[in-house]
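Observations on the three-dimensional arrangement
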Amino acid sequence: MSLITLALVFLLLIPGVCSQWSVRYSPSHICALKDSTVIMSCTYTYPPGHQIKKVFWTNKNSEEPPYLFEDPGYSQRLQYLGDKQQNCTIRLSHVTLKDSHMYYFRFITDKEKWIGYPGVTLTVTGLQLESPERVTEGDSVTLRCKSSCALTDRATFIWYRNSQPLTERRDRNNELLLQSVRREDSGRYSCAVDGHTHISPAVQLNVMYNRGTGWSVWVVITVAFIIIIIVLYTIQKKRINCRSAIHEYENDTRTYPSEGTYTGLDLKSRSSDLYNTLPIVQPRPAVHQSGSSEYENLSPQQDATVR
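These figures come from a predicted structure and were not determined experimentally.

Turning our attention to the environment of Leu177. Mapped onto the secondary structure, Leu177 falls in strand β15 (residues 175–178). A sequence separation of 36 residues divides Leu177 from Val141, and the C-alpha atoms of the two residues are 5.8 Å apart.

Quick look at the pattern of salt bridges now. In the structure shown here, the tally under the stated rule is four salt bridges. The partner of Asp99 in a salt bridge is Arg77, with the nearest N and O atoms 2.9 Å apart. Here the residue Asp99 occupies a position in the loop between β6 (90–92) and β7 (101–109), and Arg77 occupies one in the loop between β4 (52–58) and β5 (78–80), the gap between them amounting to 22 residues. Between Asp185 and Arg161 there is a salt bridge, with the nearest N and O atoms lying 3.7 Å from each other. With Asp185 in the loop between β15 and β16 (187–193) and Arg161 in strand β13 (residues 157–161), this residue pair connects regions lying 24 residues apart in the sequence.

All right, on to the sheet that holds strand β3 (residues 38–45) then. Strands sit in the order β1-β3-β6-β5 across an open sheet of four strands; the sheet is antiparallel. Taken across any chain shown, the strands that pair with only one partner, and hence form the sheet edges, are β1 (22–26) and β5. Taking each pair of neighbouring strands and ignoring which way they run, the sheet shows an average axis angle of 20°.

Under the definition given, this model contains three disulfides. Two residues, Cys31 and Cys149, share a disulfide whose sulfurs are 1.8 Å apart. One quick way to see it: the torsion about the S-S bond of Cys31 and Cys149 is about 75°, and its sign makes the bridge right-handed. Here Cys31 is found in strand β2 (residues 29–33), whereas its partner Cys149 is found in the loop between β12 (141–147) and β13, with 118 residues between them in sequence. Across the pair, Cys149 and Cys31 agree in class, each one buried. The disulfide partner of Cys145 is Cys191, and the gap between their sulfur atoms is 2.0 Å. With the S-S dihedral at roughly 75°, the linkage between Cys145 and Cys191 falls on the right-handed side. Taken as a pair, Cys145 in strand β12 and Cys191 in strand β16 lie far apart in primary sequence, 46 residues in all. A residue is classified by how much of its surface remains accessible, and Cys145, at 2% relative accessible area, is buried. By sequence order of its bonded cysteines, the chain has the disulfide arrangement 1-5, 2-3, 4-6.

Within the secondary structure layout, Ser36 lies in the loop between β2 and β3. The contact partners of Ser36, leaving out residues within four places of it in the chain, are Leu92, Ser93, His94, Val95 and His196.

Spatial ordering of the open sheet is given by β10-β12-β15, a layout of three strands whose pairing is antiparallel. Unpaired on one side and paired on the other, β10 (127–130) and β15 mark the two borders of the sheet. Averaged over all adjacent pairs, the angle separating strand axes in this sheet is 15°, with direction ignored. In this structure, β12 lies alongside β15, joined through four bridges in antiparallel fashion. By the bridge assignment for β15, Thr142 is matched with Leu177.

Side-chain direction in a regular strand flips from residue to residue, so the side chains alternate between the two faces of the sheet. In this sheet, β12 lies alongside β10 in antiparallel orientation, the contact comprising four bridges. By the bridge assignment for β12, Glu130 is matched with Arg144.

With that settled, the discussion passes to the nonpolar core. Counting residues in hydrophobic clusters, the biggest one holds 28 residues, and the most contacted among them are Met40, Trp57, Tyr103, Phe105, Phe107 and Leu122. Elements with a contribution of two residues or more to this core: β1, β2, β3, β4, β6, β7, β8 (113–115) and β9 (120–125). Counting 19 residues, the second largest nonpolar core, distinct from the first, contains Leu127, Leu166, Leu205 and Val207.

Moving on to unusual backbone geometry. With the exception of glycine, most residues fall at negative phi, and the peptide bonds are largely trans. In this structure, Pro27 follows Ser26 across a cis peptide bond, with omega equal to -5°. The peptide bond linking Tyr117 to Pro118 adopts the cis configuration, its omega dihedral lying at -5°. By secondary structure assignment, the location of Pro118 is in the loop between β8 and β9. Residue Ser163 is not a glycine yet carries a positive backbone phi of 70°.

Calculation criteria
- Counting restarts for each chain, with residues numbered from 1 along the sequence as it is written.
- In view of the model being predicted, local features appear only for residues whose pLDDT reaches at least 70, and side-chain atom pairs are presented and counted only at 80 or more, with totals across whole chains, interfaces and linings using the full set of residues.
- Excluded from the side-chain calculations are hydrogens and water; all other atoms, namely the structure's heavy atoms, are used.
- Only DSSP runs of H or I reaching four residues or more are called helices, and only runs of E reaching two or more are called strands; each is numbered from the N terminus.
- We define a salt bridge as a contact between a side-chain nitrogen of Lys or Arg and a carboxyl oxygen of Asp or Glu at a distance within 4 Å.
- Pairing between two strands requires that DSSP report at least two bridges joining them.
- To obtain an axis, a line is fitted to C-alpha atoms, over the contacting stretch when the element is a helix, and the angle between two such axes runs from 0 to 180 degrees between their N-to-C directions.
- Count a disulfide wherever a pair of cysteine sulfur atoms falls within 2.5 Å.
- Each residue gets one of three labels from its accessible area relative to the maximum for its type: buried under 20%, exposed over 50%, partly exposed in between, using a 1.4 Å probe on protein chains only.
- Contacts are assigned to residue pairs with any non-hydrogen atoms lying within 4.5 Å of each other.
- In plain words, nonpolar cores are sets of buried Ala, Val, Leu, Ile, Met, Phe, Trp, Tyr and Cys residues tied together by side-chain atoms within 4.5 Å.

Keep in mind that these numbers describe shape and distance, not what the molecule does.
As C-alpha cells, this is what we get:
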C-alpha cells in the first residue's frame, strides 16, 4: 500500500478532516466519442490557513504522479479552466482510445498535499454499426449505431448511405428502421453523432431479390406477352382474310370478255354466212296501170295472185 493511501486513511479517521479536504467530480464517469472534446468538471476544498502552491491533473495515483500539463501527449490538448481557490475543471480535446483512464486532481498547499481519490473515469469509444449482411426485398431492417459505453452527452444520430447523409434520418434514437426495403436500399451504411467528426466504419447492406415476388411478376409478364402475341396474330389474320375477300370480289366484278368472244362476233369474217341465211325474195314484176277501169276489172282472185 502506498504512503499516499495510508495518509488518506489516516486523515479519514480524524474527525472533521474529511469535510475540510475534498475533491468532487461531476460527473464521475464520462463516456466520450473519439476525437471529441471532454470537460471534466471539478471542485475542491481545503482547511483554512492553507495557501495553494500548485495544482495539476494526473492519470496515476502514486507518490510522484506525472503532471499531464508537462506530458507531450497531453500538453497541447489539455487546458486548465479552474483556479487556485475552488474550481479545478479541465478540458481535454481530440480524445483518443488511449485517453481512457481514471484522472485525478491533485493540489499542493504550503503545508500539505491532497489528491482527489477516486478520480473521474474517462472512457473513449468509437461507433459501430450493426446490420444484417443480407436481407430480402420487402423485409423490415433495423440498423443500430452502438458504442462501448453510454454517451454522456445527449446525442443526435446521423445516418449515411454510400457516404451521402440521409437528411431525413436524424433522430435521438440510435436505431434506423428501414421498412419494406427495395433493391435501391442496398449500399454501405454508416452512422455518426451530430456535432462530432467521428463516423462509424461503413457496413454493407445487400437487399436480395425476392424469388416469390419475382416469380409472380415473371408469370404476369409472360401471360401478358402471350396475350399480346395472340391479339396481334388475330388482328393480322383478320387483315389477311379481309384482303383475300376483297381480292376475290374484285376478280368477280371485273371479269372482261376473252379475245375469242370478239372473234365470234366479227361481222367481217362472218358476213357472207350471215347473209346466206336470209331468204331470197324475188322482185315482183311491175304492174302497168292502163287505167282505172282496167284495174277495177281485176277480179279478187287475180288481185290475190298479184299480191
